[in-house]
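Descriptive analysis of the structure
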Amino acid sequence: TGATYAALGVLDQERQEISELITAGLPAEVERGIGRLPAGQGALGLLITDPRPIRLADISRHPKHVGFPPAHPEMTSFLGVPVVAHDEVYGNLYLTDKIGRSEFTHDDETLATSFARAAAVAIENARLHEHVRQLAVLEDRDRIARGLHDTVIQRLFAVGRSLQGIARSPLPAQSVERLQRAIGDLDETIRRIRTSIFELETEPDGNGVRALVLDTVHELRPFVGVDVPVTFDGDVDTAVGDVVAGQLLLAIREALTAVARHAQAARAAVTVRVAGGTCTLEVTDDSCDVEASQLARSAQRSGGAGDPLEGCGLLSMRRRAEKLGGELLVESPPQGGT
């Protein structure tokens with residue numbers, strides 16, 4: 001077209017203004033001197049609100065002209081065409097200062113319009129390829145999740161049943177105890193795999209109870225200072241209503257804050273379990289500096305001044321549980337911790 005300067009304005013998601021401006025013809029030092037490039041005001045904005053070709057002999061005389069920024073070269077003749085395909089506007093192509101003539105011609109407009117349409121098709125194809133790639137990733141995640149559920153979990157179940165059968169046979173007490181621990185480890189592994197399956201099958205922006213729990217724990221992990229695996233057992237998303245879910249998230253936040261401030265733990269974990277119409281939140285750590293027996297006794301009282309639960313930040317957790325008809329239990333398992 002014989003244009004001295006050209007620019008491709010890429011529109012934002014709302015199609016309201018230019019989010020990126022790619023220029024040609026401007027020396028680098030001139031472009032740096034201009035600073036922030038136009039976002040789509042004045043005559044440039046006409047193509048955004050009314051995506052039809054514009055051809056002007058002198059852009060500065062257009063009633064919508066808002067002037068040029070400091071250090072911007074003066075421009076006269078102007079040709080602007082929308083980058084559009086199938087009624088989808090992606091941006092605009094701007095050409096200025098035709099060499100050798102006072103304004104751009106009708107042939108220039110036809111040529112620029114054809115080029116803009118070809119560019120729009122290329123953009124559409126690129127976005128289509130990206131969409132296909134994302135679908136492929138989701139399908140791969142789904143395949144992995146099905147494999148974990150249909151193969152790995154079923155095999156673990158089979159191993160667990162075999163071990164249970166062995167544990168019921170005449171064996172030394174020590175061997176039975178070891179088998180029971182192994183069975184418990186298998187059950188925990190199955191729960192964790194189910195959690196991983198959920199994470200694979202759930203969109204990152206999901207707002208179900210499981211997703212909200214995972215988001216909350218992920219947010220608090222840097223504060224806790226250790227990795228905090230999360231395990232779900234039961235149909236958490238459908239069985240836990242909004243009221244319980246809100247209190248559940250606050251309780252998780254308070255429990256992990258207590259772990260961070262008081263436990264000096266090397267390990268911590270969160271389990272959310274739904275069974276028999278009851279939702280159970282279990283937060284465990286391997287600390288030794290919380291006197292579990294004292295806290296357990298305190299949990300049976302109504303609370304008051306000097307309550308040890310308050311010092312560890314657990315008093316509000318007990319009140320939340322009681323408000324929902326539940327209870328707070330603080331225990332020290334045989335292997336230690338709280």
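The numbers attached to residues start from 1 for each chain and follow its sequence in the written order. Under the rules for a predicted model, residues below a pLDDT of 70 receive no local features and side-chain atom pairs below 80 are neither given nor counted, while totals for whole chains, interfaces and linings still include all residues. Heavy atoms throughout the structure, all of them, feed into the side-chain values; hydrogens and water do not.

So, the overall build of the protein
- Each helix corresponds to a stretch of at least 4 residues labelled H or I by DSSP, and each strand to a stretch of at least 2 residues labelled E; elements are numbered beginning at the N terminus. Along its length, the protein carries ten helices and eight strands.
- By definition, residues are in contact when any of their heavy atoms lie within 4.5 Å. Pairs at least 24 apart in sequence give 59% of the contacts found in the protein among residues at least 6 apart.

Structural notes on the nonpolar core
- If you look at the biggest cluster of nonpolar residues, it comprises 24 residues, and the most contacted ones within it are Val-213, Val-217 and Leu-256.
- Considering each element in turn, this core owes the most residues, seven residues, to helix H7 (residues 242–263).
- In this text, buried Ala, Val, Leu, Ile, Met, Phe, Trp, Tyr and Cys residues form a nonpolar core when linked through side-chain atoms within 4.5 Å. Think of it in three bands: with a 1.4 Å probe and only protein chains considered, a residue is buried below 20% of the maximum accessible area for its type, exposed above 50%, and partly exposed in between. Ala-7, Leu-44, Ile-54 and Val-89 belong to the second-largest nonpolar core, a separate cluster that totals 13 residues.

As for the packing of helix H5 (residues 209–224) against H7
- It is the contact of H5 with H7, at a shortest axis distance of 10 Å, that shows an interaxial angle of 20 degrees. One element, H5, and the other, H7, form an angle in the roughly parallel class. For the element pair H5 and H7, the recorded crossing hand is right-handed. Of the residues in H7, those in contact with Val-209, Leu-212, Val-213, Thr-216, Val-217, Glu-219, Leu-220, Phe-223 and Val-224 of H5 are Ala-245, Leu-248, Leu-249, Ile-252, Arg-253, Leu-256, Thr-257, Val-259, Ala-260 and Arg-261. Interaxial angles span 0 to 180 degrees and are taken between N-to-C directions of axes, which are lines fitted to C-alpha atoms, for helices over the stretch in contact. Each angle is binned into one of four classes, with values under 35 degrees roughly parallel, values over 145 roughly antiparallel, values of 65 to 115 roughly perpendicular, and all other values oblique. Less than a right angle of anticlockwise turn of the near helix away from the far helix marks a crossing as left-handed, whereas a clockwise turn marks it as right-handed.

Section: the pairing of strand E4 (residues 78–85)
- Taking burial as the measure, the eight residues of E4 include seven buried ones, the bulk of the element.
- Here strand E3 (residues 54–56) pairs with E4 via three bridges, running antiparallel. Bridge pairing in E4 links Leu-56 to Phe-78.
- Note on pairing: two strands pair once DSSP finds at least 2 bridges between them. Pairing of E4 with strand E5 (residues 88–98), which is carried by eight bridges, proceeds in the antiparallel orientation. Across the sheet, the residue bridging to Leu-79 is Leu-95, located in E5.
- Where E4 folds back onto E5 in an antiparallel hairpin, the turn is made up of two residues, including His-86, whose phi is positive at roughly 50 degrees.

Focus on the sheet that holds strand E7 (residues 268–275)
- With respect to topology, three strands assemble into an open sheet ordered E6-E7-E8, the strand pairing being mixed. Either end of the sheet is taken by a strand with one partner, and the two such strands are strand E6 (230–233) and strand E8 (278–285). Direction aside, the axes of adjacent strands within the sheet are offset by 10 degrees on average.
- Pairing of E7 with E8 involves eight bridges; the strand directions are antiparallel. From the neighbouring strand, Thr-271 faces E8, where its bridge partner is Glu-282.

Observations regarding the side chain of Thr-113
- Turning to its location among the elements, Thr-113 is positioned in helix H3 (residues 106–167).
- On the basis of relative accessible area, Thr-113 is assigned to the buried category, the value being 16%.

Details of H7
- A helix is expected to span 1.5 Å for every residue after the first. The end-to-end C-alpha distance of H7, which contains 22 residues, comes to 30 Å, matching closely the 32 Å that a straight helix rising 1.5 Å per residue would cover.
- Phi turns positive, to about 50 degrees, at Gln-264, one or two residues after H7.

Quick word on the sheet that holds strand E1 (residues 3–11)
- Pairing within the open sheet is antiparallel, and its five strands lie in the order E2-E1-E5-E4-E3. The open sheet has two edge strands, strand E2 (18–24) and E3, and neither has a second partner. Averaged over neighbouring strand pairs, the angle between their axes works out to 15 degrees when direction is ignored.
- Relative to E4, H3 is tilted by about 35 degrees, and along the sheet it contacts E3, E4 and E5.

Description of the packing of H7 against helix H10 (residues 315–323)
- Between H7 and H10, the shortest axis-to-axis distance is 9 Å and the interhelical angle comes to 160 degrees. Between H7 and H10, the angle is such that the two are roughly antiparallel. Both H7 and H10 take part in a crossing whose hand is left-handed. Taking contact as the criterion, the partners of Gln-247, Leu-250, Ala-251, Glu-254 and Ala-255 in H7 are, on H10, Ser-316, Met-317 and Arg-320.

Details of the environment of Val-10
- Within the secondary structure, Val-10 is located in strand E1.
- Along the backbone, Val-10 and Leu-21 are eleven residues apart, and their C-alpha atoms lie at a distance of 6.3 Å.
- Beyond its immediate sequence surroundings of up to four residues, Val-10 is in contact with Glu-17, Ile-18, Ser-19, Glu-20, Ile-22, Tyr-90 and Gly-91.

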